[in-house]
Amino acid sequence: MTEQEDAMPQQGSSTPPEHIRVVVADDHPMWRDAVARDLADAGFEVLATADDGRSAVARTRATVPDVLVLDLNLPGLSGAEVCAALAAAQVPTRILILSASGDHQDVLDAVKAGALGYLVKSAGREEFLAAVRATAAGEPVFTAGLAGLVLGEFRRVKAAGGGSPERPIPELTDRETEILKYVATGMGYKEIAATLFLSHRTVQNHVQNIFGKLQMHNRVELVRFAMERGLDLADPT
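Fair warning: this is a prediction, and the values are worked out from it, not measured in the lab.

## Side note on the pattern of salt bridges
- By the definition in use, this model includes 7 salt bridges.
- Arg125 is paired through a salt bridge with Asp38; the nearest N and O atoms lie 3.5 Å apart. Placement of Arg125 in helix α5 (residues 125-136) and of Asp38 in helix α1 (residues 29-41) is noted, with a sequence separation of 87 residues between them.
- The salt bridge partner of Glu126 is Arg125, with a shortest N-O separation of 2.8 Å.
- A residue is classified by how much of its surface remains accessible, and Glu126, at 51% relative accessible area, is exposed.
- It is possible to trace a salt-bridge network through shared partners that takes in Asp26, Asp71 and Lys121.

## Regarding the environment of Ile95
- You can see Ile95 is positioned in strand β4 (residues 94-99).
- Accessibility expressed as a relative area gives 4% for Ile95, which makes it buried.
- Distance in space between the C-alpha atoms of Ile95 and Gly114 is 7.4 Å, their sequence separation being 19 residues.
- Excluding anything up to four places from it in sequence, Ile95 contacts Leu68, Leu70, Cys83, Leu86, Gly114, Ala115, Leu116, Gly117 and Thr135.

## Remarks on the packing of helix α7 (residues 174-184) against helix α9 (residues 200-214)
- Here α7 crosses α9 at 95°, and the two axes come no closer than 10 Å. Here α7 is positioned roughly perpendicular relative to α9, judged by the angle of their axes. In this structure, α7 uses Arg175, Glu176, Ile179, Leu180 and Val183 to contact α9, whose residues at the interface are Val203, His206, Val207, Asn209, Ile210 and Lys213.
- Here the contact of α7 with α9 is composed, by residue class, of 6 nonpolar, 2 polar and 3 charged.

## Things to note about unusual backbone geometry
- Although it is not a glycine, Gln90 sits at a positive phi angle of roughly 60°.
- Its relative accessible area of 67% is what places Gln90 among the exposed residues.
- A positive phi angle is found at Phe197, which is not glycine, with a value near 60°.
- Examined against the element boundaries, Phe197 turns out to sit in the loop between α8 (189-196) and α9.

Criteria and cut-off values
- Residues numbered from 1 in each chain as written.
- Predicted model: local features only at pLDDT ≥ 70, side-chain atom pairs only at ≥ 80, totals over all residues.
- Heavy atoms only, no water.
- Salt bridge = Lys/Arg side-chain N within 4 Å of Asp/Glu carboxyl O.
- Helix = DSSP H or I, 4+ residues; strand = E, 2+ residues; numbered from the N terminus.
- Buried < 20%, exposed > 50% of the residue type's maximum accessible area, 1.4 Å probe, protein only.
- Contact = heavy atoms within 4.5 Å.
- Axes fitted to C-alpha atoms, helices over the stretch in contact; angles between N-to-C directions.
- Parallel < 35°, antiparallel > 145°, perpendicular 65-115°, else oblique.
- Nonpolar A, V, L, I, M, F, W, Y, C, P; charged D, E, K, R; others polar.

Next comes the structure, spelled out in structure tokens:
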């Protein structure tokens, strides 16, 4: 069984993992067309493209793709504002930022607004296609070095008093709380399974239980929950 076949599907979705539907939003026509073409050539279904933030929101809401490939610097609404608007509308689409910017604040703003991953445009074609597949499967993807940045932000907020020390989470078991900490750092299910000597499927089942108990639907909500609770996050390194 492939990693994609074994990945936990989006709740409420029966879309086979090998059939991934995508919307591409970028204000540069040549780049947007090239990205859409690469996706189509690789077997993805490109449902729509958008050239500004408002059309990105409208077309994503209309088509509800598995993945929105989103540039940050869009006219009308910025990429972060698009993420926030879709999160507020409870659109289940997972968002992969594809941006020329590697600025740390841009990365943090996008993740806090609802993006699942962040890739810079200097990434190669195969790296990009793999990132879209991973995003569709619910796995966070970051250009090298950026995952550590997100983890560092958790620690900065905690040190600054942004959360209280290790509050209990009565809804969760000790094991679920442990797995939540790893999920919040951006670790994939297989990495967590290897770290905790569990099966991939067991980790997925625990994450599904966490979603249900906390009435959440995606990793972004779990990340925010962890930050608000000031959890002492596990260090994947």
